[in-house]
Amino acid sequence: QKEVEQNSGPLSVPEGAIASLNCTYSDRVSQSFFWYRQYSGKSPELIMSIYSNGDKEDGRFTAQLNKASQYVSLLIRDSQPSDSATYLCAVPANQAGTALIFGKGTTLSVSS
Amino acid sequence: KAGVTQTPRYLIKTRGQQVTLSCSPISGHRSVSWYQQTPGQGLQFLFEYFSETQRNKGNFPGRFSGRQFSNSRSEMNVSTLELGDSALYLCASSSDGYSTDTQYFGPGTRLTVL
C-alpha cells in the first residue's frame with residue numbers, strides 16, 4: 001500500500017514570505033505527483049502537477065520533484081493571506097486509472 | 001461547462017440504515033472516483049469507475065459499493081451505516097481516465113450518522 005507523508009502543520013508564514021511544503025512518498029515507481037489546495041469547507045482543487053525530476057513553475061507556485069529521494073515539494077512565493085488553506089500531496093494509486101493516494105495535508109496560515 | 005455536482009449536499013442517518021449518494025461528472029468526462037474525507041484519516045480513495053466498470057477499489061469494507069451509469073453519472077451506496085461512516089464524501093471526475101489526468105472535485109456530501 002502506497003503511503004504519502006506530509007507534516008500536518010500548521011505552517012505559519014508572514015505575508016510576502018516563501019512558504020515551503022514538503023511531501024514524501026513510499027513507492028519508487030510513482031510517475032505523477034499532484035498538489036491540491038483545499039480551503040476550509042470547500043473541496044480540493046488542483047494547483048500543480050509534476051511528472052519529471054526538477055522544478056516546475058506556475059506563477060507564484062513552484063513544484064520540485066526528486067524521484068531518487070522520493071520527495072516532492074511546493075514553494076509558494078510572495079505568500080498572501082488568500083493562500084491560507086490545507087495543501088494536499090497526492091500520487092496515483094497505480095498506473096491504470098485516476099485513483100489517488102493523498103497525504104493528510106499541511107495547513108498553511110499566512111498572516112498579514 | 002458545469003462542474004461536478006453531488007446530491008444531496010447534507011444527509012443525516014441513523015446507525016443501521018443505508019444511504020445512496022449521487023455524482024454527476026463534468027459533461028464528457030468518463031472517469032468518476034469517490035473519496036471519503038475525515039479529520040482523522042484525511043482523504044481516502046473508495047473506488048473508481050470508468051465507462052461503467054469499476055477499475056480500482058480502495059481498502060473499505062463491502063458495505064461500501066458503487067456503480068456508474070451509461071451517462072457517466074455515478075452512485076455510491078453505504079449499507080448498515082456505522083457511526084464511523086460520518087464523513088465528507090467527495091466525487092471527482094476526469095476526462096479520459098489516465099493517471100496523469102486532472103481530477104475535478106464536486107462539493108461533497110456531508111453524511112452524519114447518529
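Residues numbered from 1 in each chain as written. Chains lettered and ligands numbered in written order. Predicted model: local features only at pLDDT ≥ 70, side-chain atom pairs only at ≥ 80, totals over all residues. Heavy atoms only, no water.

**Observations regarding the overall build of chain B**
The helix and strand tally for chain B stands at zero helices and 11 strands. Listing the helices and strands of chain B from first to last along the sequence gives β-β-β-β-β-β-β-β-β-β-β. The C-alpha atoms of chain B give 13 Å as radius of gyration, which agrees with the globular expectation for 114 residues (13 Å, within 12%). Referenced to the eigenvectors of the C-alpha coordinate spread, the extents of chain B come out at roughly 40 × 25 × 25 Å. (Helix = DSSP H or I, 4+ residues; strand = E, 2+ residues; numbered from the N terminus. Rg over C-alpha atoms; globule rule 2.2 N^0.38 Å.)

**Focus on the overall build of chain A**
Each helix and strand counted, chain A has zero helices and 11 strands in total. A compact globule built from 112 residues should have a C-alpha radius of gyration of about 13 Å, and chain A, at 13 Å, falls within 12% of that. Once the C-alpha set of chain A is aligned to its principal axes, its extents read approximately 40 × 30 × 20 Å. Counting only contacts in chain A whose residues sit at least 6 apart along the sequence, the fraction spanning at least 24 positions is 53%. (Contact = heavy atoms within 4.5 Å.)

**Re the interface of chain B and chain A**
Between chain B and chain A, the residue contacts involve 23 residues of the former and 19 residues of the latter. Approximately 1,700 Å² of surface area, both sides summed, lies buried where chain B meets chain A, with 52% of it carried by carbon and sulfur atoms. Contact with chain A buries surface across chain B, with Leu43, Ser99 and Phe105 of chain B losing the most and accounting together for 32% of the total. Counting every contact that joins chain B to chain A gives zero salt bridges. At the surface where chain B touches chain A, the tally comes to 12 residue pairs in polar contact (both at pLDDT 80 or more). The set of elements that each furnish at least two residues to the side of chain B that touches chain A consists of strand E4 (31-38), strand E5 (42-50), strand E6 (53-57) and strand E9 (87-94) of chain B. The element best represented in the side of chain B that touches chain A is E4 of chain B, accounting for four residues. (Buried area = accessible area lost by both parts, 1.4 Å probe. Salt bridge = Lys/Arg side-chain N within 4 Å of Asp/Glu carboxyl O. Polar contact = N/O pair within 3.5 Å; in protein donor to acceptor, adjacent residues only side chain to side chain.)

**Side note on the packing of aromatic side chains**
By the definition in use, this model includes 10 aromatic pairs over all chains. Plain terms: the ring middles of phenylalanine 34 of chain A and tyrosine 51 of chain A are 6.4 Å apart, the flat faces sit at 80° to each other, and that makes the pair edge-to-face. One end of the pair, phenylalanine 34 of chain A, is in strand E4 (residues 33-38); the other, tyrosine 51 of chain A, is in the loop between strand E5 (45-50) and strand E6 (54-58), and 17 residues separate them in sequence. The class for phenylalanine 34 of chain A is buried, based on a relative accessible area of 1%. Overall, the relative accessible area of 31% leaves tyrosine 51 of chain A in the partly exposed class. Pairing tyrosine 35 of chain B with phenylalanine 45 of chain B gives two aromatic rings, centres 5.7 Å apart and planes at 65°, and the pair type is edge-to-face. (Phe/Tyr/Trp six-rings, centres within 6.5 Å; stacked < 30°, edge-to-face > 60°. Buried < 20%, exposed > 50% of the residue type's maximum accessible area, 1.4 Å probe, protein only.)

**Re the nonpolar core**
In this structure, Trp35, Val72, Leu74, Ile76 and Tyr87 of chain A are the most contacted members of the largest nonpolar core, which totals 24 residues. Every element with two or more residues in this core is listed here: strand E3 (19-25), E4, E5, strand E7 (61-66), strand E8 (71-76), strand E9 (85-92) and strand E11 (106-111) of chain A. (Core = buried A, V, L, I, M, F, W, Y, C linked by side-chain atoms within 4.5 Å.)

**What to know about the side chain of glutamine 6 of chain A**
Residue and element names in this part refer to chain A. With respect to the helices, strands and loops of the structure, glutamine 6 is situated in strand E1 (residues 4-6). At a separation of 2.9 Å, a polar atom in the side chain of glutamine 6 contacts the main-chain amide nitrogen of cysteine 89. In this structure glutamine 6 touches Asn22, Cys23, Trp35, Tyr87, Leu88, Cys89, Gly103, Lys104, Gly105 and Thr106, once residues within four positions along its chain are discounted.

**Looking at the state of the cysteines**
All names here are of chain A. Going through the model one piece at a time under the given rule, you end up with two disulfides over all chains. The disulfide that involves cysteine 23 links it to cysteine 89, with 2.1 Å between the sulfurs. Between cysteine 23 and cysteine 89, the disulfide has an S-S torsion of -70° and is therefore left-handed. With a gap of 66 residues between them, cysteine 23 in strand E3 and cysteine 89 in strand E9 connect regions that are remote in the sequence. Both residues of the pair, cysteine 23 and cysteine 89, belong to the buried class. (Disulfide = S-S within 2.5 Å.)

**A closer look at the sheet that holds strand E3 (residues 19-24) of chain B**
All names here are of chain B. The strand order across the open sheet built from four strands is E1-E3-E8-E7, with neighbouring strands paired in antiparallel fashion. With partners counted over all chains shown, the strands left at the sheet margins are strand E1 (5-7) and strand E7 (64-68), one partner each. Each adjacent strand pair in this sheet contributes to an overall mean axis angle of 20°, direction not counted. Of the pairings in the sheet, the one linking E1 to E3 comprises three bridges and is antiparallel in character. Bridging from a neighbouring strand, threonine 7 pairs with serine 22 of E3. (Pairing = 2+ DSSP bridges. Axes fitted to C-alpha atoms, helices over the stretch in contact; angles between N-to-C directions.)

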